[in-house]
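# Observations on chain architecture
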Amino acid sequence: MTTLTHRARRMEVGKNSEKKAESEEDTNQDRSSDNEDSGDSKDIRLTLMEEVLLLGLKDKEGYTSFWNDCISSGLRGGILIELAMRGRIYLEPPTMRKKRLLDRKVLLKSDSPTGDVLLDETLKHIKATEPTETVQTWIELLTGETWNPFKLQYQLRNVRERIAKNLVEKGILTTEKQNFLLFDMTTHPVTNTTEKQRLVKKLQDSVLERWVNDPQRMDKRTLALLVLAHSSDVLENVFSSLTDDKYDVAMNRAKDLVELDPEVEGTKHSATEMIWAVLAAFNKS
C-alpha cells in the first residue's frame with residue numbers, strides 16, 4: 001500500500017473521529033440539560049412548555065382558564081429558554097451600545113434537531129431571519145402579536161393543542177370532545193395526576209422547604225419554570241393547595257424572585273441570561 005493511500009486513510013479516519021466527537025458533544029449537551037435536576041431523572045421528561053401548560057390546565061375539564069390571556073406568550077418564552085438551555089441559541093455578548101438584555105439579539109449556536117417539533121420550527125425561523133431579532137421581538141413574532149405583516153409567517157400556530165398532544169403521547173393527558181352549547185371543543189383532561197402533583201410539589205418545595213434565597217443557587221429549570229409560571233399567570237394554580245400560612249410565604253418569595261432586576265441577575269456568574277431576558281421582556285410588556 002502506498003504512502004499516499006496510508007495518508008488518505010488517516011485523514012479520513014481523523015475527519016470521521018471529529019464528526020463523531022461533535023455528534024457526541026451535542027448529544028451530551030442535550031443529555032446534561034435534560035438531567036439538570038437529577039432528582040427528577042426517573043420521572044417523565046417534560047419540556048418547559050409542557051410543564052407550563054400542564055400547570056395551567058384544569059384537571060377534570062382539560063382546558064386552561066378562558067380569562068388567561070398570558071399563557072400564549074408564556075409558552076413562547078418557554079420555547080426560547082428551552083432552546084437556550086439545550087445549547088441551540090444564545091444572546092449576543094454585551095457591548096458598550098448593547099448592554100441591556102432586551103437590546104441584545106438572539107443568535108443561533110446550533111441548528112441540530114431537538115426532537116421537538118415546536119423547538120425545531122422556532123430554530124428554523126431564527127436561522128432564516130436577517131437581521132437578527134431580540135428576545136422581546138421573538139416572543140411577539142412567535143405569538144403573532146406583531147404589526148409587521150411581512151413577519152406574520154413566524155407565528156407558531158396551534159401551540160397549546162400541539163403541546164397537549166405531546167402530553168397525550170407521554171400518557172399524562174387524554175383527549176375528549178366537550179359541547180359548549182354553541183360549539184364543540186377538544187379538551188385534554190389530566191389522566192396522570194401523579195406527574196402533575198410531582199411538578200406542583202417540586203415548585204412548592206423550591207420556595208418553601210428548599211428555598212435558598214438566591215436564584216443563582218437554584219436549579220436552572222426550576223427557576224425558569226417559576227418565571228414562566230408567573231408570566232403565564234398559572235402560579236396561583238401551583239400554590240392553591242397550600243395552607244394559608246404557607247401560601248402567603250410561597251407567594252411572597254415567588255414575588256420577590258420575579259421582582260428582582262433581570263439586568264443585575266443576568267450578569268452574575270453562572271446565570272442563564274435567557275431566563276432573565278424573557279423575564280425582562282414580560283416585565284416590559
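Just so it is clear, the model here is predicted, and its values are computed rather than measured.

Looking now at the overall build of the protein. Helix and strand counts for the protein come out as 12 helices and four strands. Across the 285 residues in the protein, those meeting the buried criterion constitute 46%. For the protein, long-range pairs separated by at least 24 residues make up 66% of all intrachain contacts whose partners lie at least 6 apart in sequence. For the protein, the accessible area works out to roughly 15,700 Å², and carbon and sulfur atoms hold 50% of it.

Let's shift gears to the confidence of the model for the protein. Residue-level pLDDT values for the protein average 86, and 85% of them are 70 or greater. This model gives residues 1–42 a pLDDT under 50, and the stretch forms 28 contacts once residues within four places in sequence are excluded.

The terminal C-alpha atoms of helix H8 (residues 220–231) lie 16 Å apart, and with 12 residues this matches the ideal 16 Å at 1.5 Å per residue to within 8%. Of all 12 residues in H8, 11 are buried; the element is thus mostly enclosed. Those residues of H8 that sit buried are Lys-220, Arg-221, Thr-222, Leu-223, Ala-224, Leu-225, Leu-226, Val-227, Leu-228, Ala-229 and Ser-231.

A word on the nonpolar core. One finds Leu-55, Leu-80, Ile-81, Ile-89, Val-135 and Met-274 to be the most contacted residues of the largest nonpolar core, which totals 71 residues. The element contributing the most residues to this core is helix H12 (residues 273–284), with nine residues. When near neighbours in sequence (up to four residues on either side) are disregarded, Val-135 contacts Leu-80, Leu-91, Arg-104, Val-106, Met-274, Ala-277, Val-278 and Ala-281.

A few words on the side chain of Glu-82. Along the chain, Glu-82 turns up in helix H3 (residues 71–85). A polar contact of 2.9 Å, which involves the side chain of Glu-82, links it to the backbone nitrogen of Leu-48. For Glu-82, the contacting residues outside a window of four places in its chain are Thr-47, Leu-48, Met-49, Leu-119 and Arg-221.

A contiguous patch of negative charge on the surface is contributed by Asp-69, Glu-140, Glu-145, Asp-233 and Glu-236. Mapped onto the secondary structure, Glu-140 falls in helix H5 (residues 135–143).

In this section: the pattern of salt bridges. A complete count under the given rule lists 14 salt bridges for this structure. Across the pair Asp-103 and Arg-100 runs a salt bridge, and its minimum N-O distance is 3.1 Å. You can call Asp-103 partly exposed: its relative accessible area is 28%. Two residues, Arg-162 and Glu-121, come together in a salt bridge whose shortest N-O distance is 2.6 Å. You can see Arg-162 sitting in helix H6 (residues 159–169) and its partner Glu-121 sitting in helix H4 (residues 117–128), a full 41 residues away along the chain. Using a relative accessible area of 23% as the deciding quantity, one classes Arg-162 as partly exposed. Judged by its relative accessible area of 23%, Glu-121 is partly exposed. Taken together, the shared-partner salt bridges in this structure form one network comprising Glu-82, Arg-86 and Arg-221.

Now for the packing of H3 against H8. It is at 10 Å that the axes of H3 and H8 come closest, and there the two elements cross at 165°. Taken together, H3 and H8 sit at an angle that is classed as roughly antiparallel. Considering how the two elements wind past one another, H3 and H8 form a crossing that is right-handed. On the side of H3, the interface is formed by Gly-74, Gly-77, Gly-78, Ile-81, Glu-82 and Met-85, while H8 contributes Lys-220, Arg-221, Ala-224 and Leu-228.

A word on the packing of aromatic side chains. Using the criterion set out here, one finds two aromatic pairs in the structure. Ring geometry for Tyr-63 and Phe-66: centres 5.2 Å apart, planes at 20°, overall stacked. Ring geometry for Trp-138 versus Tyr-154: centroids 5.6 Å apart, planes at 70°, classification edge-to-face. Placement of Trp-138 in helix H5 and of Tyr-154 in the loop between H5 and H6 is noted, with a sequence separation of 16 residues between them. Since its relative accessible area comes to 11%, Tyr-154 is described here as buried.

About the thresholds
Residues numbered from 1 in each chain as written. Predicted model: local features only at pLDDT ≥ 70, side-chain atom pairs only at ≥ 80, totals over all residues. Heavy atoms only, no water. Helix = DSSP H or I, 4+ residues; strand = E, 2+ residues; numbered from the N terminus. Buried < 20%, exposed > 50% of the residue type's maximum accessible area, 1.4 Å probe, protein only. Contact = heavy atoms within 4.5 Å. Areas by Shrake-Rupley, 256 points an atom, 1.4 Å probe, with all protein chains shown as cover. pLDDT = per-residue confidence, 0-100. Expected span 1.5 Å × (residues − 1). Core = buried A, V, L, I, M, F, W, Y, C linked by side-chain atoms within 4.5 Å. Polar contact = N/O pair within 3.5 Å; in protein donor to acceptor, adjacent residues only side chain to side chain. Patch = residues over 30% accessible without salt bridge, like charges linked within 9 Å, V, L, I, M, F, W, Y side chains within 5 Å. Salt bridge = Lys/Arg side-chain N within 4 Å of Asp/Glu carboxyl O. Lys, Arg positive; Asp, Glu negative; His and termini not counted. Charge placed at Lys NZ, Arg CZ, Asp CG, Glu CD. Axes fitted to C-alpha atoms, helices over the stretch in contact; angles between N-to-C directions. Parallel < 35°, antiparallel > 145°, perpendicular 65-115°, else oblique. Left-handed = near helix turned anticlockwise from the far one by under 90°. Phe/Tyr/Trp six-rings, centres within 6.5 Å; stacked < 30°, edge-to-face > 60°.

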